[in-house]
There are 2 protein chains.
Amino acid sequence: MHTVPLAATTRGYPSSGYTVENIHAGAVAVVDREGRLLAWAGDPRYQTFTRSALKPFQALPFLLDDGPAEFGLAQEELALLCASHSGEDKHLAGVRSILAKIGMDAGRLECGCGAPLYYEANNLPLPQDQAWTPLHHNCSGKHSGFLAWCRQHGVPTAGYVEFDHPLQRAVRGALADAVQLPESSLPGGIDGCSAPNYALPLASLAHLYARLAQGTTDARLGHALGPLFEAMTHRPDMVSGTERSDLVFMTAGGGDWVAKIGADAVQAIGIRSAGIGIAIKVADGNNRGLHTITYHVLDQLGLLDEGRRAALERFRQPQIRNARGTVAGDIRSMLTLQRA
Amino acid sequence: MHTVPLAATTRGYPSSGYTVENIHAGAVAVVDREGRLLAWAGDPRYQTFTRSALKPFQALPFLLDDGPAEFGLAQEELALLCASHSGEDKHLAGVRSILAKIGMDAGRLECGCGAPLYYEANNLPLPQDQAWTPLHHNCSGKHSGFLAWCRQHGVPTAGYVEFDHPLQRAVRGALADAVQLPESSLPGGIDGCSAPNYALPLASLAHLYARLAQGTTDARLGHALGPLFEAMTHRPDMVSGTERSDLVFMTAGGGDWVAKIGADAVQAIGIRSAGIGIAIKVADGNNRGLHTITYHVLDQLGLLDEGRRAALERFRQPQIRNARGTVAGDIRSMLTLQRA
């Protein structure tokens, strides 16, 4: 479980220079579609909970059973199944639409209530006079997909987030199959939205995203993952939200990159053209340096042309400002990818 | 700059156990009044910006020149000079009182505006209809002390936060003297409140707190530090705020412990009875595990009796709950102090 410094924050004066203040250590794995390790930093088998980076694979049972066709889900609704959405109007409308198509109401969602991520992402104060509901929770799209699978299989929805509910058994089985690891090797934990989450070696998470981006020789799995890749890359605004990092990365990728962040500083990316998957974990769980690290992973892999560099410039070496708006330091990459 | 894991967060199910999700690495130094290293974790000379742990020493020039007597400052006002206060009514009243005694108004404060820490510390929403002023900034007590020194010395206050203002030169000189390091060895940086801050080896920060707690053979310095220790330990409610960690630690210490947190996961503590100083830095700057680490440093140093254990129980191994209030994991110590 070896980590290396991936990013640092500095503090100083323009005249006298900057001193490192905080160090964010972690690990990175880059693999091809067959799971072969291409590049890494720290231990590429560093084990991390996958958190929201798991969402496309939590939708797998529903996709494998052709749920989207059965209920007539639109592409933007498929994108919502994989989303950590911002609770913007279009996100809420999309979740309501999924629920209407499966004939269920929001009262069945077991994700808990959550304030929309929109406000923090746009530096806006959170309205105090609002009562937030499960619909506003960033995972409500995933949970509406969970309900859809239950509807499809005639399974009672109560307790669908429990570890041993038939839905979660199906998720666990599909995940183990997709990642080619035994179910018993996947440590489980309760996620922020109460659903079971699983820990994986980073290289395995990267492998999942390589398969998401480029498919697999397993036709049934490829048939399920293909529409999710298309939905996420065509409607990144439904997977993420205004001013949020996955939207920025996927927009820069122009349909070639599928990016999904997870809580506690997890980032997974699949690159269709290069046939690779990338997984990053900052060991301390702080997102502060995550996007800067992601930028430099992409850069060191040769994936940034001038247009993408410009589109992602905000992440390269962002400044840190204090209470008066004075520049106090910056966030810097400390990453050097090792190559196979 | 070697760090070691100091704390971890876990995730799991009560039935199947918990898996480490995030690791907070860092370093700890424990020294005696002469600066001799007694115990440590990681590199005890790990360099860190001191942030708000520097506040008592930023007040040194004012104390060395007998400012408190000159302006008739009360003990609670002395405590405010060293405070990261919560912006509670008593804090605002205290800062206003200092300003009145030195004949200045809040318009001269250059700390920037900041919302009171009170709300977040008490899990309350931040009122949206309030205009926060520099008075509310957690550093306004320190800054009123800065203004007091300027008044005392007839120095213009405009730009008192600039690196080369006479006040900041005086602070730098007094700090270098107190920590027994050359000024030129102290990397500078702009703090959140725009004042210059300095980086120190952890053992040196610990040495400062040992001297703050127990005085020094340097009579002039001891004469200045003694009243600050008394003020901070008698009025920890003015140094910190309701439900905040320094108040909890100093209350448990019962007048024997002086504790000051700094932004980006710095903690300094001086123990009068034991004649020691403690400095802790979590390398990633995240406070999440800081209080748990502090608890276990105190415990491993043999400073926790049953009463203190009970008073600090909230920090020992706190649970982590998700959006529905379900226990998802906990924060655990990974600390083992090495001994000289």
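Residues numbered from 1 in each chain as written. Chains lettered and ligands numbered in written order. Predicted model: local features only at pLDDT ≥ 70, side-chain atom pairs only at ≥ 80, totals over all residues. Heavy atoms only, no water.

By the naming in an unreviewed UniProt entry, chain A goes by Asparaginase and is assigned to Massilia jejuensis.

Draft legend 1. Structural view of the overall build of chain A. Within chain A one finds 15 helices and twelve strands. Across its three principal directions, the C-alpha atoms of chain A cover 65 × 50 × 35 Å. Every one of the 340 residues in chain A was classed for burial, and the buried ones make up 61%. Relative to all contacts within chain A whose residues are 6 or more apart in sequence, the contacts with residues 24 or more apart total 65%. When the accessible surface of chain A is split by element, carbon and sulfur atoms take 50% of a total near 11,800 Å². Across chain A, the mean location of the 30 positive side-chain charges is 3 Å away from that of the 33 negative side-chain charges. (Helix = DSSP H or I, 4+ residues; strand = E, 2+ residues; numbered from the N terminus. Buried < 20%, exposed > 50% of the residue type's maximum accessible area, 1.4 Å probe, protein only. Contact = heavy atoms within 4.5 Å. Areas by Shrake-Rupley, 256 points an atom, 1.4 Å probe, with all protein chains shown as cover. Lys, Arg positive; Asp, Glu negative; His and termini not counted. Charge placed at Lys NZ, Arg CZ, Asp CG, Glu CD.)

Draft legend 2. Region of the structure containing the interface of chain A and chain B. Taken together, the contacts link 45 residues of chain A with 46 residues of chain B. At the boundary of chain A with chain B, total buried surface from both sides reaches about 3,600 Å², with 48% on carbon and sulfur atoms. Scanning the region where chain A abuts chain B turns up four salt bridges. For the pair chain A and chain B, the interface holds 24 residue pairs in polar contact (both at pLDDT 80 or more). (Buried area = accessible area lost by both parts, 1.4 Å probe. Salt bridge = Lys/Arg side-chain N within 4 Å of Asp/Glu carboxyl O. Polar contact = N/O pair within 3.5 Å; in protein donor to acceptor, adjacent residues only side chain to side chain.)

Draft legend 3. Local environment of the sheet that holds strand S6 (residues 196-201) of chain A. Residues and elements named next belong to chain A. An order of S4-S6-S5 is seen for the three strands of this open sheet, with the pairing classed as antiparallel. The open sheet has two free edges, formed respectively by strand S4 (47-49) and strand S5 (188-190), since each of these has just one partner strand. The mean inter-strand angle of the sheet, taken between neighbouring strand axes irrespective of direction, is 30 degrees. Here S4 runs beside S6; their pairing, made up of three bridges, is antiparallel. Following the sheet pairing, Phe-49 is matched in S6 by Ala-199. Where helix H9 (residues 202-214) meets the sheet, its contacts fall on S4 and S6, and the angle it forms with S6 comes to roughly 105 degrees. (Pairing = 2+ DSSP bridges. Axes fitted to C-alpha atoms, helices over the stretch in contact; angles between N-to-C directions.)

Draft legend 4. Local environment of the sheet that holds strand S6 (residues 196-201) of chain B. Residues and elements named next belong to chain B. Strand order in the open sheet formed by three strands is S4-S6-S5, with antiparallel pairing between adjacent strands. Strands with a single pairing partner mark the edges of an open sheet, and in this sheet they are strand S4 (47-49) and strand S5 (188-190). If you compare each strand with its neighbour and ignore which way they point, the axes differ by 30 degrees on average. Summarising the sheet, S5 and S6 pair through three bridges and their orientation is antiparallel.

Draft legend 5. The arrangement of the packing of helix H8 (residues 166-179) of chain B against helix H9 (residues 202-214) of chain B in detail. All names here are of chain B. At a minimum axis distance of 9 Å, the contact between H8 and H9 shows a crossing angle of 90 degrees. Between H8 and H9, the angle is such that the two are roughly perpendicular. Taking contact as the criterion, the partners of Leu-175, Asp-177, Ala-178 and Val-179 in H8 are, on H9, Ser-204, Leu-208 and Arg-211. Partitioning the contact of H8 with H9 into residue classes produces four nonpolar, one polar and two charged. (Parallel < 35°, antiparallel > 145°, perpendicular 65-115°, else oblique. Nonpolar A, V, L, I, M, F, W, Y, C, P; charged D, E, K, R; others polar.)

Draft legend 6. Up close: the relation of the copies chain A and chain B. When chain A is brought onto chain B, the operation consists of a screw motion whose angular component is 180 degrees and whose axial shift is 0.0 Å, with 0.0 Å RMSD remaining. When the rotation and shift are considered jointly, the pair of chain copies conforms to a two-fold rotation axis. No C-alpha of chain A approaches the rotation axis more nearly than that of Asp-284 of chain A, which lies at 3.4 Å. Same-surface contact between copies: 100% of interface residues of chain A are shared with the interface of chain B. (Least-squares fit on C-alpha atoms with pLDDT ≥ 70 in both.)

Draft legend 7. A look at unusual backbone geometry. All names here are of chain A. A positive phi is found at Arg-51, a non-glycine position, where the angle reads about 45 degrees. With respect to the helices and strands, Arg-51 occurs in the loop between S4 and helix H1 (55-58). You can call Arg-51 buried: its relative accessible area is 6%. Positive phi, close to 70 degrees, is recorded for Glu-243, a residue that is not glycine. Residue classification places Glu-243 among the partly exposed residues on the basis of a relative accessible area of 47%.

Draft legend 8. Spatial organisation of the packing of helix H7 (residues 140-153) of chain B against H8 of chain B. Residue and element names in this part refer to chain B. The geometry of H7 relative to H8 is characterised by a closest axis approach of 10 Å and an angle of 105 degrees between their N-to-C directions. As summarised for this structure, H7 and H8 are arranged roughly perpendicular, according to the angle between their axes. Touching Phe-146, Trp-149 and Cys-150 of H7 are Pro-166, Leu-167, Gln-168, Ala-170 and Val-171, all from H8. Grouping the constituent residues of the contact of H7 with H8 by class yields seven nonpolar, one polar and no charged.

Draft legend 9. Focus on the packing of aromatic side chains. Within the structure shown, the criterion is met by 16 aromatic pairs over all chains. Ring geometry for Tyr-118 of chain B versus Tyr-119 of chain B: centroids 5.5 Å apart, planes at 85 degrees, classification edge-to-face. Owing to a relative accessible area of 27%, Tyr-118 of chain B belongs among the partly exposed residues under this scheme. Measuring from ring centre to ring centre gives 6.0 Å for Tyr-119 of chain B and Trp-132 of chain B, while their planes differ by 50 degrees; the resulting arrangement is tilted. Of this pair, Tyr-119 of chain B sits in helix H6 (residues 118-121) while Trp-132 of chain B sits in the loop between H6 and H7; the two residues are 13 residues apart in sequence, bridging distant segments of the chain. The exposure class of Trp-132 of chain B is buried, given its relative accessible area of 18%. Following the ring pairs from residue to residue traces out a cluster consisting of Tyr-13 of chain A together with Phe-163 and Tyr-198 of chain B. The ring of Phe-163 of chain A carries Arg-172 of chain A above its face, with NZ or CZ at 3.9 Å from the centroid. We note Arg-314 of chain A situated over the ring of Phe-315 of chain A; from NZ or CZ to the ring centre the distance is 5.9 Å. (Phe/Tyr/Trp six-rings, centres within 6.5 Å; stacked < 30°, edge-to-face > 60°. Lys NZ or Arg CZ within 6 Å of the ring centre and 35° of its normal.)

Draft legend 10. Layout of the pairing of strand S8 (residues 266-271) of chain B. Residues and elements named next belong to chain B. Burial analysis of S8 places six of its six residues in the buried class, which makes it a mostly covered element. Burial of S8 is two-sided: the residues Val-266, Ala-268 and Gly-270 facing one way and the residues Gln-267, Ile-269 and Ile-271 facing the other way are all buried. As paired strands, strand S7 (residues 257-262) and S8 are joined by six bridges and run antiparallel to one another. Paired with Trp-257 across the bridge in S8 is Ile-271. Counting the residues that bridge the hairpin from S7 to S8 gives three residues, and of these Asp-264 lies at a positive phi of roughly 60 degrees. Relative to strand S9 (residues 276-282), S8 runs antiparallel, the two being bridged by six bridges. Note that in S9 the partner of Val-266 across the bridge is Lys-281. Counting the residues between successive antiparallel strands, the hairpin from S8 to S9 contains four residues, one of them, Gly-275, with a positive phi of roughly 65 degrees.

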